[in-house]
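Close look at the chain arrangement
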Amino acid sequence: MGPGPSRGIGLHIARAFAAAGARVAVTGRSPARLEPAVATIDGECLPVVCDQADPRAVEALARTVEDTWGAPDILVNNAGGGGGGPVPTMSLEAWQRVIATNLTGVFYTTRCFLPGMLRNERGDIFIISSMNGKKADPGSAAYSASKFGLHGFAQALLYDVRRSNIRVMVINPSQTDTGEDTSPPHGPGIFMHAADIAATIVHLARLPGRTLVRDLDIWGTNPFPA
């Protein structure tokens, strides 16, 4: 598992993999958020404080995981952040912060964990993008640029690693409820839940290794008010 599971979509992904029997390494920038999140994961879990925008922190993360369990079979790049605002008023610092976390951080993390997957000649790399990686909204220039960029990165990465039996899969969620899952599974006025994304990723990881789903859009069926 990879960066970002201390809350939101990442936490639900970590829970789902743990429930499926996987050992999960979870990360977050804040120990205050990471510790209570880990307490909700039922299974073998390795918490590591890590800022995905910091190359040295990501290198230390990869060493910790490999020293503990060996090279991972699955990497989920989920860490991300929004912000920035409209281009006319966006600061350079805001632009660089979003790009560093959402795009460059995915490069750092993938590069650090790839050697072990290449040695083992197998692995699954999931990249959590967004529907904003295919359609921008007003005020989302930095966020959308980072998410559009993930698609180009993932396509090139797949060509680099496919002959080593490594799958690269991009997940594009639409609007998602990231709290605790208390809504019914279907019906009008219900947004897709982070637990649904998690269940989908676990399913993809279980597909035969000869099967590759490269790019998957996930929508809520009927989020419209009754």
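Scroll up for the structure.
Okay, so let's go over this structure. (Residues numbered from 1 in each chain as written. Predicted model: local features only at pLDDT ≥ 70, side-chain atom pairs only at ≥ 80, totals over all residues. Heavy atoms only, no water.)

Considerations on the overall build of the chain
- Across its full length, the chain carries six helices and eight strands.
- Over its C-alpha trace the chain gives a radius of gyration of 17 Å, about what one expects of a compact globule, namely 17 Å for 226 residues.
- Dimensions of the chain along its principal axes, counting C-alpha atoms only, are 50 × 45 × 40 Å.
- The 226 residues of the chain split such that 44% are buried.
- In the chain, the share of contacts with a sequence separation of at least 24, taken over all contacts with a separation of at least 6, comes to 65%.
- Of the roughly 11300 Å² that the chain leaves accessible, carbon and sulfur atoms contribute 53%.
- Of the side chains in the chain, 20 bear a positive and 20 a negative charge, and the two mean positions are spaced by 5 Å. (Helix = DSSP H or I, 4+ residues; strand = E, 2+ residues; numbered from the N terminus. Rg over C-alpha atoms; globule rule 2.2 N^0.38 Å. Buried < 20%, exposed > 50% of the residue type's maximum accessible area, 1.4 Å probe, protein only. Contact = heavy atoms within 4.5 Å. Areas by Shrake-Rupley, 256 points an atom, 1.4 Å probe, with all protein chains shown as cover. Lys, Arg positive; Asp, Glu negative; His and termini not counted. Charge placed at Lys NZ, Arg CZ, Asp CG, Glu CD.)

Overview of the environment of Arg23
- Here Arg23 is to be found in the loop between helix 1 (8-19) and strand 1 (24-28).
- With relative accessibility at 44%, the residue Arg23 sits in the partly exposed group.
- Between the C-alpha atoms of Arg23 and Ala79, which are 56 residues apart in sequence, the distance is 19 Å.
- Dropping the residues within four chain positions of it, Arg23 is found in contact with Glu44 and Trp69.

Quick notes on unusual backbone geometry
- Positive phi outside glycine occurs at Glu121, with the angle close to 55°.
- On the basis of relative accessible area, Glu121 is assigned to the partly exposed category, the value being 48%.
- Positive phi, normally seen in glycine, also occurs at Asn165, with a value near 65°.
- Here Asn165 shows up in the loop between helix 5 (141-161) and strand 5 (166-173).

Here we look at the pairing of strand 3 (residues 74-77)
- Both faces of strand 3 are covered, namely the face carrying Ile74 and Val76 and the face carrying Leu75 and Asn77.
- Relative to strand 4 (residues 123-128), strand 3 is paired through four bridges, and the arrangement is parallel. Among the inter-strand pairings, Ile74 is bridged to a residue of strand 4, identified as Asp124.
- Handedness of the crossover is the feature at issue here: the chain leaves strand 3, passes through helix 4 (residues 92-120), returns alongside strand 4, and the resulting connection is right-handed. (Pairing = 2+ DSSP bridges. Right-handed = clockwise from strand over helix to strand, strands pointing away.)

Considerations on the pattern of salt bridges
- Tallied over the entire structure, the rule returns seven salt bridges.
- Residue Asp217 pairs with Lys134 through a salt bridge whose shortest N-O separation is 2.9 Å. With Asp217 in strand 8 (residues 215-218) and Lys134 in the loop between strand 4 and helix 5, this pair connects stretches of sequence that are 83 residues apart.
- Relative accessible area serves as the criterion here: at 32%, Asp217 is assigned to the partly exposed category.
- Note on Lys134: relative accessible area 38%, which makes it partly exposed.
- Each member of the salt-bridge network shares a partner with another, and the members are Lys134, Asp215 and Asp217. (Salt bridge = Lys/Arg side-chain N within 4 Å of Asp/Glu carboxyl O.)

Overview of the nonpolar core
- Ile13, Phe17, Phe126, Ile171 and Ile201 are the most contacted members of the largest nonpolar core, which totals 26 residues.
- With sequence-adjacent residues up to four places away left out, Ile201 is seen in contact with Ile13, Phe17, Phe126, Ile128 and Ile171.
- Judged by nonpolar contacts, the second largest core, of 25 residues, contains Leu46, Leu75, Cys112 and Ile127. (Core = buried A, V, L, I, M, F, W, Y, C linked by side-chain atoms within 4.5 Å.)

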